[in-house]
Amino acid sequence: EAGVAQSPRYKIIEKRQSVAFWCNPISGHATLYWYQQILGQGPKLLIQFQNNGVVDDSQLPKDRFSAERLKGVDSTLKIQPAKLEDSAVYLCASSLSQQTNGYTFGSGTRLTVV
Amino acid sequence: KQEVTQIPAALSVPEGENLVLNCSFTDSAIYNLQWFRQDPGKGLTSLLLIQSSQREQTSGRLNASLDKSSGRSTLYIAASQPGDSATYLCAVVDDYKLSFGAGTTVTVRA
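These numbers come from a predicted model, not from an experiment.

Draft legend 1. Region of interest: the overall build of chain A. The number of helices and strands found in chain A is 0 helices and 11 strands. When the helices and strands of chain A are read in sequence order from the N terminus, they spell out β-β-β-β-β-β-β-β-β-β-β. Relative to the 2.2 N^0.38 estimate, which gives 13 Å for 114 residues, the radius of gyration of chain A is 13 Å and therefore close to what a compact globule would have. Counting only C-alpha atoms, chain A reaches 40 × 25 × 20 Å along its principal axes. Among the 114 residues that make up chain A, the fraction classed as buried is 46%. Entry remark: accessible area of chain A is about 5,500 Å², with carbon and sulfur atoms responsible for 50%. Averaging the positions of the 12 positive and the 9 negative side-chain charges in chain A gives two centres separated by 5 Å.

The structure is reproduced here in C-alpha coordinates:
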(Lines give C-alpha, C1' and ligand atoms only; values in the text may rest on other atoms or scores of the structure.)
Protein backbone atom coordinates (compact mmCIF):
# COMPACT_ATOMS: atom_id res chain seq x y z
CA GLU A 1 0.00 0.00 0.00
CA ALA A 2 1.18 3.54 -0.67
CA GLY A 3 2.43 5.40 2.38
CA VAL A 4 1.55 8.80 3.79
CA ALA A 5 2.59 11.47 1.29
CA GLN A 6 3.78 14.89 2.38
CA SER A 7 4.99 17.94 0.49
CA PRO A 8 7.13 19.91 0.30
CA ARG A 9 10.10 18.09 1.86
CA TYR A 10 11.89 21.30 2.78
CA LYS A 11 10.87 24.93 3.12
CA ILE A 12 12.83 28.02 4.12
CA ILE A 13 10.89 31.22 4.79
CA GLU A 14 11.45 34.51 6.52
CA LYS A 15 9.69 35.29 9.77
CA ARG A 16 6.24 36.81 9.36
CA GLN A 17 5.75 35.03 6.03
CA SER A 18 3.13 32.33 5.56
CA VAL A 19 3.62 28.68 4.62
CA ALA A 20 1.42 25.67 3.90
CA PHE A 21 2.06 21.94 4.11
CA TRP A 22 0.11 19.20 2.41
CA CYS A 23 -0.60 15.61 3.46
CA ASN A 24 -2.29 12.70 1.72
CA PRO A 25 -2.92 9.81 4.15
CA ILE A 26 -3.11 6.12 3.38
CA SER A 27 -6.30 5.28 1.51
CA GLY A 28 -9.06 4.27 3.91
CA HIS A 29 -7.43 5.77 7.01
CA ALA A 30 -10.09 7.88 8.65
CA THR A 31 -7.83 9.41 11.28
CA LEU A 32 -5.16 11.96 10.34
CA TYR A 33 -2.69 13.72 12.62
CA TRP A 34 -0.27 16.62 12.34
CA TYR A 35 2.75 16.61 14.64
CA GLN A 36 5.46 19.19 15.24
CA GLN A 37 8.93 17.92 16.08
CA ILE A 38 11.48 20.41 17.31
CA LEU A 39 15.12 19.33 17.09
CA GLY A 40 16.05 16.98 19.93
CA GLN A 41 12.47 16.43 21.08
CA GLY A 42 9.77 13.87 20.48
CA PRO A 43 6.89 14.79 18.17
CA LYS A 44 4.08 16.84 19.68
CA LEU A 45 0.50 16.52 18.47
CA LEU A 46 -0.89 19.69 16.88
CA ILE A 47 -4.24 18.47 15.57
CA GLN A 48 -6.16 15.25 15.04
CA PHE A 49 -8.92 14.73 12.45
CA GLN A 50 -11.49 11.95 12.31
CA ASN A 51 -12.71 12.03 8.71
CA ASN A 52 -13.12 15.79 8.16
CA GLY A 53 -13.94 16.66 11.76
CA VAL A 54 -11.47 17.92 14.37
CA VAL A 55 -11.07 15.57 17.35
CA ASP A 56 -8.28 17.37 19.20
CA ASP A 57 -6.63 20.71 18.50
CA SER A 58 -5.82 21.63 22.08
CA GLN A 59 -2.11 22.15 21.36
CA LEU A 60 -2.53 24.02 18.08
CA PRO A 61 -1.48 27.71 18.37
CA LYS A 62 -4.68 28.93 16.79
CA ASP A 63 -3.56 32.54 16.52
CA ARG A 64 -1.14 31.52 13.76
CA PHE A 65 -1.76 27.88 12.84
CA SER A 66 -4.74 26.51 10.96
CA ALA A 67 -5.53 23.13 9.44
CA GLU A 68 -8.26 21.65 7.37
CA ARG A 69 -9.20 18.28 5.94
CA LEU A 70 -11.68 18.76 3.18
CA LYS A 71 -13.69 15.71 2.11
CA GLY A 72 -12.00 13.65 4.81
CA VAL A 73 -8.93 12.80 2.71
CA ASP A 74 -6.11 15.31 2.06
CA SER A 75 -5.15 17.83 4.67
CA THR A 76 -3.28 21.14 4.73
CA LEU A 77 -1.56 22.81 7.66
CA LYS A 78 -0.89 26.54 7.44
CA ILE A 79 1.22 28.90 9.48
CA GLN A 80 0.61 32.64 9.20
CA PRO A 81 2.65 34.55 10.24
CA ALA A 82 5.63 32.31 10.95
CA LYS A 83 7.94 32.84 13.90
CA LEU A 84 11.52 31.70 14.41
CA GLU A 85 10.37 29.13 16.98
CA ASP A 86 8.20 27.42 14.34
CA SER A 87 11.36 25.94 12.82
CA ALA A 88 10.76 22.21 13.10
CA VAL A 89 9.84 19.07 11.19
CA TYR A 90 6.11 18.82 10.56
CA LEU A 91 4.95 15.24 10.42
CA CYS A 92 1.68 13.89 9.14
CA ALA A 93 0.41 10.49 10.24
CA SER A 94 -2.66 8.40 9.60
CA SER A 95 -4.27 5.46 11.31
CA LEU A 96 -6.95 2.90 10.49
CA SER A 97 -7.50 2.11 14.13
CA GLN A 98 -5.03 3.60 16.56
CA GLN A 99 -5.85 1.03 19.19
CA THR A 100 -4.98 -1.97 17.05
CA ASN A 101 -3.09 -0.86 13.97
CA GLY A 102 -0.80 1.86 15.18
CA TYR A 103 0.26 4.88 13.18
CA THR A 104 1.96 5.37 9.80
CA PHE A 105 4.00 8.54 9.38
CA GLY A 106 5.01 10.47 6.31
CA SER A 107 8.55 11.67 5.59
CA GLY A 108 7.84 15.09 7.07
CA THR A 109 8.42 18.67 6.00
CA ARG A 110 11.45 20.43 7.46
CA LEU A 111 10.63 24.10 7.99
CA THR A 112 13.34 26.67 8.64
CA VAL A 113 12.25 30.18 9.59
CA VAL A 114 15.00 32.81 9.25
CA LYS B 1 -1.19 13.16 31.64
CA GLN B 2 0.98 10.43 30.13
CA GLU B 3 4.72 10.99 30.42
CA VAL B 4 7.09 8.88 28.32
CA THR B 5 10.78 8.75 29.18
CA GLN B 6 13.61 7.19 27.22
CA ILE B 7 16.97 6.42 28.75
CA PRO B 8 19.71 6.85 27.73
CA ALA B 9 19.36 9.91 25.51
CA ALA B 10 22.37 8.78 23.46
CA LEU B 11 24.32 5.58 23.04
CA SER B 12 27.49 4.71 21.14
CA VAL B 13 28.55 1.08 20.65
CA PRO B 14 31.01 -0.85 18.47
CA GLU B 15 29.63 -2.87 15.61
CA GLY B 16 28.38 -6.31 16.63
CA GLU B 17 27.36 -5.35 20.15
CA ASN B 18 23.75 -5.85 21.24
CA LEU B 19 21.70 -2.71 21.88
CA VAL B 20 19.26 -2.25 24.75
CA LEU B 21 16.97 0.78 24.64
CA ASN B 22 14.61 1.59 27.48
CA CYS B 23 11.23 3.29 27.55
CA SER B 24 9.06 4.02 30.59
CA PHE B 25 5.57 5.48 30.82
CA THR B 26 3.58 6.76 33.77
CA ASP B 27 0.02 5.58 33.00
CA SER B 28 -0.29 1.83 32.40
CA ALA B 29 -3.78 2.10 30.83
CA ILE B 30 -2.46 1.95 27.28
CA TYR B 31 -3.87 0.36 24.13
CA ASN B 32 -0.51 -0.34 22.55
CA LEU B 33 3.12 0.76 22.33
CA GLN B 34 4.99 1.45 19.12
CA TRP B 35 8.74 1.71 18.46
CA PHE B 36 9.87 3.97 15.63
CA ARG B 37 13.16 4.68 13.92
CA GLN B 38 14.02 8.18 12.70
CA ASP B 39 16.97 9.04 10.49
CA PRO B 40 18.28 12.63 10.62
CA GLY B 41 15.81 15.09 9.10
CA LYS B 42 13.45 12.31 8.07
CA GLY B 43 10.06 10.97 9.09
CA LEU B 44 9.32 8.06 11.40
CA THR B 45 9.51 4.43 10.33
CA SER B 46 7.51 1.98 12.40
CA LEU B 47 9.60 -0.90 13.73
CA LEU B 48 7.33 -2.83 16.08
CA LEU B 49 3.81 -2.49 17.46
CA ILE B 50 2.99 -4.26 20.72
CA GLN B 51 -0.65 -4.57 21.78
CA SER B 52 -1.42 -4.10 25.46
CA SER B 53 -2.26 -7.80 25.78
CA GLN B 54 1.12 -8.88 24.39
CA ARG B 55 4.42 -9.30 26.21
CA GLU B 56 6.74 -9.00 23.25
CA GLN B 57 7.10 -8.67 19.49
CA THR B 58 9.95 -9.73 17.24
CA SER B 59 11.06 -8.73 13.77
CA GLY B 60 14.39 -9.97 12.49
CA ARG B 61 17.15 -8.69 14.79
CA LEU B 62 14.65 -6.57 16.74
CA ASN B 63 12.76 -7.66 19.81
CA ALA B 64 10.57 -5.45 21.97
CA SER B 65 9.12 -6.38 25.34
CA LEU B 66 6.27 -4.76 27.21
CA ASP B 67 5.55 -4.82 30.94
CA LYS B 68 2.39 -2.78 31.35
CA SER B 69 2.16 -3.16 35.10
CA SER B 70 5.56 -1.57 35.64
CA GLY B 71 5.19 0.88 32.76
CA ARG B 72 8.24 -0.29 30.85
CA SER B 73 9.24 -1.42 27.39
CA THR B 74 12.65 -2.46 26.12
CA LEU B 75 13.86 -2.62 22.53
CA TYR B 76 16.68 -5.08 21.87
CA ILE B 77 18.70 -4.92 18.66
CA ALA B 78 20.97 -7.91 18.19
CA ALA B 79 24.38 -7.76 16.54
CA SER B 80 24.27 -4.03 15.78
CA GLN B 81 25.43 -2.67 12.42
CA PRO B 82 26.47 0.85 11.34
CA GLY B 83 23.18 1.04 9.43
CA ASP B 84 21.35 0.85 12.75
CA SER B 85 22.62 4.33 13.61
CA ALA B 86 19.51 6.47 14.06
CA THR B 87 17.19 7.87 16.72
CA TYR B 88 14.76 5.37 18.21
CA LEU B 89 11.46 6.69 19.58
CA CYS B 90 8.90 4.91 21.66
CA ALA B 91 5.27 6.02 21.76
CA VAL B 92 2.21 4.85 23.67
CA VAL B 93 -1.45 5.09 22.72
CA ASP B 94 -3.87 5.82 25.51
CA ASP B 95 -7.18 7.66 25.62
CA TYR B 96 -6.96 8.18 21.84
CA LYS B 97 -3.64 10.00 22.03
CA LEU B 98 -0.13 9.03 20.99
CA SER B 99 2.53 10.22 23.42
CA PHE B 100 6.21 10.13 22.47
CA GLY B 101 9.44 9.94 24.37
CA ALA B 102 12.31 12.21 23.30
CA GLY B 103 14.19 9.29 21.78
CA THR B 104 17.53 7.54 22.11
CA THR B 105 20.14 8.46 19.50
CA VAL B 106 22.25 5.42 18.63
CA THR B 107 25.64 5.46 16.95
CA VAL B 108 27.15 2.15 15.88
CA ARG B 109 30.89 2.47 15.23
CA ALA B 110 32.41 0.37 12.44
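Draft legend 2. Structural context of the pairing of strand β6 (residues 56–59) of chain B. Residue and element names in this part refer to chain B. Note that β6 and strand β7 (residues 62–67) share 4 bridges and pair antiparallel. Among the inter-strand pairings, T58 is bridged to a residue of β7, identified as N63. Connecting β6 to the next strand, β7, in antiparallel fashion are 2 residues, including G60 with a positive phi near 60 degrees.

Draft legend 3. Inspection of the interface of chain B and chain A at higher detail. Contact residues are listed per partner, giving 20 residues for chain B and 21 residues for chain A. For the pair chain B and chain A, the summed buried surface comes to about 1,600 Å²; carbon and sulfur atoms form 50% of the total. Where chain B packs against chain A, one counts 0 salt bridges. Summed over the shared surface of chain B and chain A, the result is 3 residue pairs in polar contact (both at pLDDT 80 or more). Broken down by secondary-structure element, the contributors of at least two residues to the side of chain B that touches chain A are β4 (32–38), β5 (44–51), β9 (86–94) and β10 (97–100) of chain B. Class assignment of the residues belonging to the side of chain B that touches chain A gives a composition of 10 nonpolar, 8 polar and 2 charged.

Cut-offs used in this document
- Residues numbered from 1 in each chain as written.
- Chains lettered and ligands numbered in written order.
- Predicted model: local features only at pLDDT ≥ 70, side-chain atom pairs only at ≥ 80, totals over all residues.
- Heavy atoms only, no water.
- Helix = DSSP H or I, 4+ residues; strand = E, 2+ residues; numbered from the N terminus.
- Rg over C-alpha atoms; globule rule 2.2 N^0.38 Å.
- Buried < 20%, exposed > 50% of the residue type's maximum accessible area, 1.4 Å probe, protein only.
- Areas by Shrake-Rupley, 256 points an atom, 1.4 Å probe, with all protein chains shown as cover.
- Lys, Arg positive; Asp, Glu negative; His and termini not counted.
- Charge placed at Lys NZ, Arg CZ, Asp CG, Glu CD.
- Pairing = 2+ DSSP bridges.
- Contact = heavy atoms within 4.5 Å.
- Buried area = accessible area lost by both parts, 1.4 Å probe.
- Salt bridge = Lys/Arg side-chain N within 4 Å of Asp/Glu carboxyl O.
- Polar contact = N/O pair within 3.5 Å; in protein donor to acceptor, adjacent residues only side chain to side chain.
- Nonpolar A, V, L, I, M, F, W, Y, C, P; charged D, E, K, R; others polar.

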